[in-house]
Structures are given as structure tokens and as C-alpha cells.
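Inside the fold
Take a look at the letters that make up each chain.
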Number of protein chains: 2
Amino acid sequence: MINKLIAKIRKTNAPIVVGLDPMLNYVPGYIRQAAFAEFGETLEGAAEAIWQFNKGIVDAVCDLVPAVKPQIAMYEQFGIPGLTAFRRTVEYCKEKGLVVIGDIKRGDIGSTSEAYAVGHLGKVQVGSRFCRGFDEDFATVNPYLGSDGVRPFLKVCAEEKKGIFILVKTSNPSSGELQDRVVLGPEGGSGQETVYEMMGRQVAAWGAECMPEEGDYSYVGAVVGATYPEQGRVLRKIMPKAFILVPGYGAQGGKGADLLHFFNEDGLGAIVNSSRGIIAAYQQEQYARFGERGYAEASREAVLAMREDIASALAGRH
Amino acid sequence: MINKLIAKIRKTNAPIVVGLDPMLNYVPGYIRQAAFAEFGETLEGAAEAIWQFNKGIVDAVCDLVPAVKPQIAMYEQFGIPGLTAFRRTVEYCKEKGLVVIGDIKRGDIGSTSEAYAVGHLGKVQVGSRFCRGFDEDFATVNPYLGSDGVRPFLKVCAEEKKGIFILVKTSNPSSGELQDRVVLGPEGGSGQETVYEMMGRQVAAWGAECMPEEGDYSYVGAVVGATYPEQGRVLRKIMPKAFILVPGYGAQGGKGADLLHFFNEDGLGAIVNSSRGIIAAYQQEQYARFGERGYAEASREAVLAMREDIASALAGRH
């Protein structure tokens, strides 16, 4: 799946992932009203609204980008109907040929992480049959519980040729409270490093165990926020074979020039996420001319602008 | 809700939470077969089997314990039908008067953590109405992303008078890879502490902001594994007003005597989880006489034995 992602990035010339993180107030009024008319102001109504909204965006951008990243929290807040819309979105995007990164940030102790891994990336045994729960192509994983929480994901990735992105340095303002702290070497050993550097080394080590038969990049990638370009530079060197999923571009403040350090010399190694900046583009002044009926075309324009921003930043590197 | 939990612990004299973490191979064959006969060997069939299994256990133990802790991963592996069984279990346990701790270990950046917080503990706005997604009483929270990922949960806890347990020192073998590492004081300040001590201090600080109108314990608790009693002793002092949710008793190796340090002098301050040791008791030699048709009564016996184990450990303290 990492090789499929890379092939699609090359084909589209867009190391871009569209974050499908629909808030109800991003959804144009006419879509919300139609959904509420059918299902009422209920969880079902909300789920229908975000599904219709997503569908419009996916149809408008699926030829331009390699991947989408639905953030499961935005669906889970609407309970079972919301999660049904998540599953439907995953399925629809895969039908459209998109690589789907489930932004689930799961992580638990061994046996429990195994349940998350099979539920999102693999298959679960039911009697004599095997069934698939959510079936994304990639998932994001939280490493707070250490390697026995991560290993079940590695196992499923190897079996299914799927991938994970492990949280290393997240894009939010308070990520440094833990992630930037300096830790001493284990058991009094010498050498100091930050938590994110330590995690980066672990990602590199886990990744070395989980390489596809061909290609330079591992099934194990990392999440590093665009809002922290200096840390991105350091981490790029620590984990050269890890693809970096870069959130925080656009609405959170990251710019094209900030992204340079996240890429390798081969022009690969990073995929940049934008959520609100693309899916709610029509609410921004520069795309206001599309109006709410043109929300999907506004998203397409925003993708084209982002592609240009990243391409010119990368072109200026040499 | 923390006061309701404390009142129920006092009434039952059992600081015990039953972990409803059903694996399909814990479910007696006759329940599985009935479910598969009705729904096939499908996700729906699996979900029906674990729901029926849970119901039997809840009916058998609900007068003995204050709380249950369904582990959402065990449901999520069965996709939407599994999560529907989770929701049904939450609802049923609440009807039976049990406090429900959703073991969800969610945590994300600010706006996304807010979605998890409203989806699991609060209510989400849909048009002019407010709806509830999963509606547990407590949830577990992963702190890797720092305080702006935790604060949305604090807000919802204050509004709803519900609570959270933040992962501090987890029960699994590799939890020390990150959690035991020694960090330097922030910005080169003096003082060294482990990651779990640093998290314990943060739990105490967050908890001080989130106290009920009456009572000694905060809405903000912590998860500390029974498998690490020494760390429990240290953390008990760092965060005196935090209730500690203690996993790892029983099947994972923790014993009654290991639990002493987790309790305060008032005999409160901790609630001990057992999952497999209770819900799959009938599969153990000492309860084999119950047979699979008596799985629920075996669970009841296991709860009584655990209550006795903890009570005698606590009685021996003074």
C-alpha cells in the first residue's frame, strides 16, 4: 500500500491528502436542510449531511489527489450513525481509487491493540469466516503505551501490506509538553534526546522490520506537524525510510516553505494533509465566489492552489 | 459522577470494576451458535454473541460491583455491529444502575478531542437539538498530545459532572519504554522526574480545576497498572485527589497485596479492574465446575473472591 501511495503521488504530482474532517458547520445549509428534512435533527440526520457533503468533495477532487484522511472523531461524535458515515466514506473513497488513511490515533496494550489493528486494517475471525470491520488502507497510531501496543499493528501491516503512521511530533500548540521534553538515556546510559527524537528512532526501528518487498519506504510512517519545521528536519534524518504524514498545513498555520524539510532528496517521503483549508474552502474569502452550491468546486480550486504552493516550494529547494 | 462512584463503592464494599472486554473465544459455544444461527458467521453474528454474553454477566454481578468498564476495541473490531453492541452494553449497564467507564483511550488535538469528548461523555449539537452518541459516565484518555488535547474533556466533565481517567502508567510490559524514561526539567530547569511522574503532576493540576462541589476526589483520575505497585505508591502521593483506575489485576499478574499502595488512608482512591479473570472465569480450573452454561454464576463467584482478596489486603494494612 505504501508503494501504491507513492505511485499515486507520482502520477498526480501532488503529495497531498485531503482531510475529510467534516464539522456540521462546514456543510452547506442546503445539504443540512435536505438531510434534516429526511431524518430530522438527529444523529442520523447529521450523519446523512456529512456523508452527502463528503461525497461531493470526493467526486470533485479524486482525480487530483492520491489520498484522503477521514478523522474518525468527527464521525464518532455522532455515535453509530456517524461511524456508519465514516465506513461509507472509506468504502466510497476506495471505490474512487483513493488511498484511505484512517486518522484513528488508536493505541492500547497488546491484545487490545490487536483488536484495533484487525478492526481497522485487517480481518477478524467469526466462527469459520473472516470479516472486515472498517478496512482502511492506513491508520494513525498513538505510541504512549510502548512497543507491545504497536507490534500488533506491524503484524497486520505485514500480512495485509497496509501501513501505519505513528504519532511522533503532533501539530498542536501543546504537543511539546511531553514530546519536546529531554529524556536521559535508558538505565542511566549517556546521551540525551527529546521524546520526539526517541519516538523517531523507534519508528525507524519498527519500520526496518516492516519493509515491502520492493521500494525505499517502510509500511511504518510517522506523523510530524507542519507547524514544527525544525523538528521535521531532525526527524527526516532520524527515520529516512519513514513516510511522514504532515498535518497542520493551511488552517493550522503551516506554509509550503515550511514543508521542505519533511521531504527527502528524492522528492518523496512526505504527504501533506489539509482539512478545513480544502473542505471548507468556500467559506474563505478567496473562494467565496463559488457560493455554498459550489463548495465542491471551491475545494477543487483549493487543492490546485495547494499543489502549486508545494510544487514551487520544492522546485525552489535546489 | 465521581461521588456516585464513591457512594456505590461504599455501598458494595467492592472497589471493583468488571472489564467487559469480550473476546469471541470467551463466549460459551451455545451462545455463539445461537447468534450465528440467527445472523450467520458475520459481524452481526459476532456482535449478537458478545451482547448476549455481556448481558448474562451484567445480570449476575450488577448487585455486587459499582462499575463496569467495556473496552471499546473489543467491539470496534467487529465494525458497526460491534460498536452497536458496545452502545447497547453501555445503555443496559446504566439501566442496571452501574457506573460505566468507557475504556476508549482517545486523545487528539484540540478540536478533535472535543469531538471525542462530546461523543462519549457529552452531547453534540444537530441543528437546534442536542443528541448523545455513546454517553458513558467516564472515559479513559491518552495524554500524548498534551493539555490542549485533554482540556476539551475537562470542559465536558465540568458541564456533565462526568469524569475521565488519564493514562499515566499503563499495566503492559512495555509501558516503561516511554513512561519510565527520566526527563529533565522544562527549559533546562533543574529537577528530574520520570514521564509517569510528570503526567501524575499534570493529572493533579488538571484535577484541581475540575472538582465537584462536594467531596475529596476530582472528576479527573488516572490509570496506573496493578503490575507496577511501586510506581503506584509514588503516584498516589503526587495526585492525592485523583481516583486511580487500576488495570492488570488477575490475568495480567497483579495481586491483592500489590494494590495497597493505590489506595489512600481513607480506604478510597482506587478502583481495580479485572476483565478476563471475571468474565471468562468459567474457563479457569477453579471455576470449571460451573460449566459453560454457568458462565455467569462463575463470574459472580470470581467477583466475590476478588472482593475478599482486596478486603483482606486492605484490612492487613494497619
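The rules behind the values
- Residues numbered from 1 in each chain as written.
- Chains lettered and ligands numbered in written order.
- Predicted model: local features only at pLDDT ≥ 70, side-chain atom pairs only at ≥ 80, totals over all residues.
- Heavy atoms only, no water.
- Helix = DSSP H or I, 4+ residues; strand = E, 2+ residues; numbered from the N terminus.
- Rg over C-alpha atoms; globule rule 2.2 N^0.38 Å.
- Buried < 20%, exposed > 50% of the residue type's maximum accessible area, 1.4 Å probe, protein only.
- Pairing = 2+ DSSP bridges.
- Least-squares fit on C-alpha atoms with pLDDT ≥ 70 in both.
- Contact = heavy atoms within 4.5 Å.
- Salt bridge = Lys/Arg side-chain N within 4 Å of Asp/Glu carboxyl O.
- Axes fitted to C-alpha atoms, helices over the stretch in contact; angles between N-to-C directions.
- Parallel < 35°, antiparallel > 145°, perpendicular 65-115°, else oblique.
- Left-handed = near helix turned anticlockwise from the far one by under 90°.
- Nonpolar A, V, L, I, M, F, W, Y, C, P; charged D, E, K, R; others polar.
- Buried area = accessible area lost by both parts, 1.4 Å probe.
- Polar contact = N/O pair within 3.5 Å; in protein donor to acceptor, adjacent residues only side chain to side chain.

1. Regarding the overall build of chain A
- For chain A, the count of helices and strands is twelve helices and twelve strands.
- Taken over the C-alpha trace, chain A has a radius of gyration of 19 Å; the compact-globule value for 318 residues is 20 Å, and the two agree within 12%.
- Along the first, second and third principal axes, the C-alpha atoms of chain A reach 65 × 55 × 40 Å.
- Burial analysis of chain A (318 residues in total) assigns 64% to the buried set.

2. Considerations on the pairing of strand 12 (residues 270-274) of chain B
All names here are of chain B.
- In terms of burial, strand 12 is a largely internal element, five of the five residues being buried.
- Side chains A270, V272 and S274 of strand 12 all project onto a buried face; the interleaved residues I271 and N273 project onto the opposite face, where all are buried too.
- Inspection of the sheet shows strand 1 (residues 16-20) paired to strand 12 by three bridges, in the parallel sense. In the sheet register, I16 faces strand 12, and the bridge partner there is V272.
- In this structure, strand 11 (residues 244-246) lies alongside strand 12, joined through three bridges in parallel fashion. Considered in strand 12, the bridge of L245 is made with I271.

3. Side note on the relation of the copies chain A and chain B
- Note on the copies: chain A fits chain B at an RMSD of 0.0 Å, the axial shift is 0.0 Å, and the rotation between them is 180 degrees. Given the turn and translation reported, the copies of this chain are related as if by a two-fold rotation axis. Across chain A, the rotation axis passes nearest the C-alpha of V183 of chain A, at a separation of 2.1 Å.
- Interface overlap between copies: 100% of the residues of chain A at the interface are likewise at the interface in chain B, consistent with a symmetric, same-surface contact.

4. Brief notes about the pattern of salt bridges
Residue and element names in this part refer to chain B.
- Tallied over the full model, the rule gives 40 salt bridges over all chains.
- Here D103 and K105 are joined by a salt bridge, their closest N and O atoms 3.0 Å apart. The exposure classification of D103 matches that of K105, with both residues buried.
- A salt bridge links D135 to K162, with the shortest nitrogen-to-oxygen separation between them at 2.7 Å.

5. Structural notes on the packing of helix 3 (residues 43-61) of chain A against helix 5 (residues 79-95) of chain A
Residue and element names in this part refer to chain A.
- Contact geometry of helix 3 with helix 5 gives a least axis separation of 8 Å together with a crossing angle of 20 degrees. With respect to their mutual orientation, helix 3 and helix 5 come out roughly parallel. Handedness of the crossing formed by helix 3 with helix 5: right-handed. Contact with helix 3, carried on its side by L43, E44, A47, E48, I50, W51, N54, K55, V58 and D59, involves P81, G82, A85, R88, T89, Y92 and C93 of helix 5 and no other residues of that element.
- Residue composition of the contact of helix 3 with helix 5, grouped by class: nine nonpolar, three polar and five charged.

6. Focus: the interface of chain A and chain B
- Facing 73 residues of chain A, the contacting portion of chain B comprises 73 residues.
- Carbon and sulfur atoms make up 59% of the surface buried where chain A meets chain B, a total of about 5,800 Å² over both sides.
- A per-residue breakdown of the area chain A buries against chain B is headed by E41, Y144 and R181 of chain A, which together make up 14% of the total.
- Among the salt bridges present, the one from E76 of chain A reaches R106 of chain B, with a minimum N-O distance of 3.0 Å.
- Applying the counting rule to chain A against chain B returns 35 residue pairs in polar contact (both at pLDDT 80 or more).
- Broken down by element, the side of chain A that touches chain B gets its largest block of residues, seven residues, from helix 6 (residues 110-120) of chain A.
- Looking at the side of chain A that touches chain B residue by residue, the classes come out as 33 nonpolar, 28 polar and twelve charged.

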